[in-house]
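Architecture at a glance
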Amino acid sequence: MQLPFAGHRKMLGKYLVPQQGRVFGLAALLLTGIALQLLNPQVVRYFIDTAQAGGPLSRLLIAGVVFLVVGLAARSLSLAAAYTSMQVAWTATNALRADLLGHILRLDMSFHKTHTPGELIERVDGDPGLLADFFSQTVFKTAANALLTVGILVFLYRENVRAGLVLTSYAVLALLALAGLQRYGAHRWAAARQAWADQNGFIEEYLAGVEDIRGVGAEAYAEGQLKALTRRVLTTERSARMARALAGSITGSLYVVGYGLGLALGAQLYLRGEVSIGAAFVIVYYISMLASPLDALREEAGNLQQASAGLERIESLYALHPQVAEAPGVVLPEGSLGVEFAKVSFTYRDDPEREDGDPVLQDISFQLAPGRALGIVGRTGSGKSTLSRLLFRLYDPDAGVIRLGDSDLRDVSLNDLRQRVGMVTQDVQLFGASLRDNIALFDPHVTDEAIWNALDALGLRDWVGAMPGGLSTMLETGGGNLSAGEAQLIAFTRLLLRDPAVVILDEASSRLDPITEQRLERAAARLFAGRTAIVIAHRIQTLQRADDILVLEGGRIVEHGVRAELAADPDSRFSRLLRVGLEEALA
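So, here's what we can say about the structure.

Definitions and limits used
Residues numbered from 1 in each chain as written. Predicted model: local features only at pLDDT ≥ 70, side-chain atom pairs only at ≥ 80, totals over all residues. Heavy atoms only, no water. Helix = DSSP H or I, 4+ residues; strand = E, 2+ residues; numbered from the N terminus. Buried < 20%, exposed > 50% of the residue type's maximum accessible area, 1.4 Å probe, protein only. Contact = heavy atoms within 4.5 Å. Areas by Shrake-Rupley, 256 points an atom, 1.4 Å probe, with all protein chains shown as cover. Phe/Tyr/Trp six-rings, centres within 6.5 Å; stacked < 30°, edge-to-face > 60°. Axes fitted to C-alpha atoms, helices over the stretch in contact; angles between N-to-C directions. Parallel < 35°, antiparallel > 145°, perpendicular 65-115°, else oblique. Left-handed = near helix turned anticlockwise from the far one by under 90°. Nonpolar A, V, L, I, M, F, W, Y, C, P; charged D, E, K, R; others polar. Arc of directions from axis to C-beta. Patch = residues over 30% accessible without salt bridge, like charges linked within 9 Å, V, L, I, M, F, W, Y side chains within 5 Å. Salt bridge = Lys/Arg side-chain N within 4 Å of Asp/Glu carboxyl O. Pairing = 2+ DSSP bridges.

Attention now moves to the overall build of the chain. When its secondary structure is counted, the chain shows 19 helices and ten strands. Taken across its 587 residues, the chain has 45% of its residues classed as buried. Intrachain contacts of the chain at a sequence separation of at least 6 include 78% that bridge at least 24 residues. Looking at the chain as shown, the accessible area adds up to about 28100 Å², and 58% of this sits on carbon and sulfur atoms.

Summed over the entire model, instances satisfying the criterion amount to five aromatic pairs. Ring plane angle 80° and centroid distance 4.9 Å describe the contact between Phe-346 and Tyr-348, whose orientation is recorded as edge-to-face. Residue classification places Tyr-348 among the buried residues on the basis of a relative accessible area of 2%.

Before going further, it helps to examine the packing of helix H13 (residues 448–458) against helix H15 (residues 484–498). Each pair of packed helices can be summarised by the angle the axes make with each other and by the distance between the axes. Orientation of H13 relative to H15, taken along the N-to-C sense of each, is 115°, at an axis distance of 9 Å. Between H13 and H15, the crossing angle belongs to the class labelled roughly perpendicular. Crossing angle aside, the handedness with which H13 passes H15 is right-handed. Residue-level inspection shows Ala-450, Ile-451, Ala-454, Leu-455, Ala-457 and Leu-458 of H13 in contact with H15, the latter providing Phe-492, Thr-493, Leu-496 and Leu-497. Here the residues of the contact of H13 with H15 are counted per class, giving nine nonpolar, one polar and no charged.

Right, let's talk about helix H1 (residues 9–16) for a bit. Among all positions of H1, only Met-11, Leu-12 and Tyr-15 are buried. Down the axis of H1, the buried set is contained in an arc of 95°. They therefore lie on one face. What points out from H1, more than 90 degrees from its buried face, is the exposed set Arg-9 and Lys-10.

Bringing the packing of helix H2 (residues 20–52) against helix H3 (residues 57–106) into the picture now. As a packed pair, H2 and H3 sit with axes 8 Å apart at the nearest point and diverge in direction by 160°. On the basis of their axis angle, the class for H2 and H3 is roughly antiparallel. The crossing of H2 and H3 is left-handed. Partitioned by chemical class, the residues of the contact of H2 with H3 number 22 nonpolar, nine polar and two charged.

Together, Tyr-157, Val-161 and Leu-165 make up an exposed nonpolar region whose accessible area comes to about 260 Å². Within the fold, Tyr-157 resides in helix H5 (residues 117–159). What makes Tyr-157 partly exposed here is its relative accessible area of 31%.

So, about the sheet that holds strand E4 (residues 399–404). Strand order in this open sheet of four strands is E2-E1-E4-E5, and the pairing throughout is antiparallel. Only two strands of the sheet have a single neighbouring strand rather than two, namely strand E2 (359–368) and strand E5 (407–408). Note that strand E1 (residues 339–347) and E4 share five bridges and pair antiparallel. Bridging from a neighbouring strand, Ser-345 pairs with Ala-399 of E4.

The element strand E8 (residues 532–536) is largely enclosed, with a buried count of five among its five residues. Taking every second residue as pointing to the same face, both faces of E8 are buried, with Thr-532, Ile-534 and Ile-536 on one and Ala-533 and Val-535 on the other. Relative to E8, strand E3 (residues 373–378) runs parallel, the two being bridged by four bridges. For Leu-374, the partnering residue across the bridge sits in E8 and is Ile-534. Where strand E7 (residues 502–506) lies against E8, five bridges are found, and the strand directions are parallel. By the bridge assignment, Val-502 is partnered in E8 with Thr-532.

If you want it as structure tokens, here you go:
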């Protein structure tokens, strides 16, 4: 058979080389086990021939004891090999899962726009799950059974050349049939895995939007879509499993023919006096043993098909590279940093929510001095949030330069950049864990003292202190037991713990209740102290803390200046927005 790991040596080596001690130990266990399996029929042959020749009882007893000891030793080695192979498998696949997740997190936002979380869960967990069986069973069982098959054939040749030729022909024919069936089934298993990924992605997406689906009465549509996906899973999975079943039927038929030929040959050799009764028994015994490894190879052919499909999907994922490349690592200075956009233009590409080729930002140029706050206003789709995404380097501009301090963002390492730039949006991700873990984001190095200091700095100690368990209060997944505004207060605390030089608030107060908004206004004023800030908002109150105002329209800057001066100028766009009402004017 064409083994799929032949074309994936580099990736498999990456996860097996660190465990080379276990791998070599496993190989030794398998080889020793094979040797014992091949030895036992020779013990039986000695027993039969000795008994037929009227040998002493002591020799027969010794042969019986040796047979039992060898059999028990072979079983013990098989158990040790199974344990070791599972250790190798799960160590390798868990490392692969971690690497896949890290790789996916580094891919561009356009990738995440076109792949649902449900699909990515299948890619990160499901495909490596196939390789767990591949590492723990398929690779080693295939190797062991192939060696056992060769060993059996060698012993058959040793007993009788004609017997060896007959069984060799059978083995070659069976393996050729399996090789053809493996190629036949590999792409069917790949299609089945993709069908499962699409179904999981659909379920995740529609469960996340269950309120909207029920609100508009679209349950029947969702059920219809799910039925279509489950039918696709059924047809692709059935096709793949039929390929495996076909392999079993063909191998079973070949085995019956081969076993019959072997029995006939053994009987003929014995009747002609060419072999002893013990030798004839050994020939038949080896033929029966040959059925086991060939049947196991047939069984593993299906696993090889799945593993090959999983390996191809994993490598296709690794073949994707982020357009936002890691920088050499210019060190940003301490303290507040200025922000500059110089002739920046940007177009979303490969984003299903936007039409390719339609520019979102065009020739954007402005400077924000260190320690000042810039308020950005504009209609939906004018490019406000895109500015923040570019500054956070979720995307790189098509043209122009963005500077933080005196450094081009492309020269700053992503880790350093995202430590020095902090962002809060209206959608805050909360986890089913304690308030402490949600604030520290599960970082064990963040102490309670540091959290309380951040809460004190934001004026939120009383708010947390009033909770039933304080920092130990358990939050529901998604923050179901907190309001949207309270979730943003947690995001503010997360931000302050990192002590960023630049703070971005992207519509962060658009969903706040009045009481929480007052608390957030006080916290924001303290967060902004000594830091550069960019505030993207639809509400007038949110812009009161801005020093400068930038008005976007159609991806271009139509007005930029000091807030107080623009507000005092009756002919400015910002002044007209204030008179009409910001929320109404930008609706």
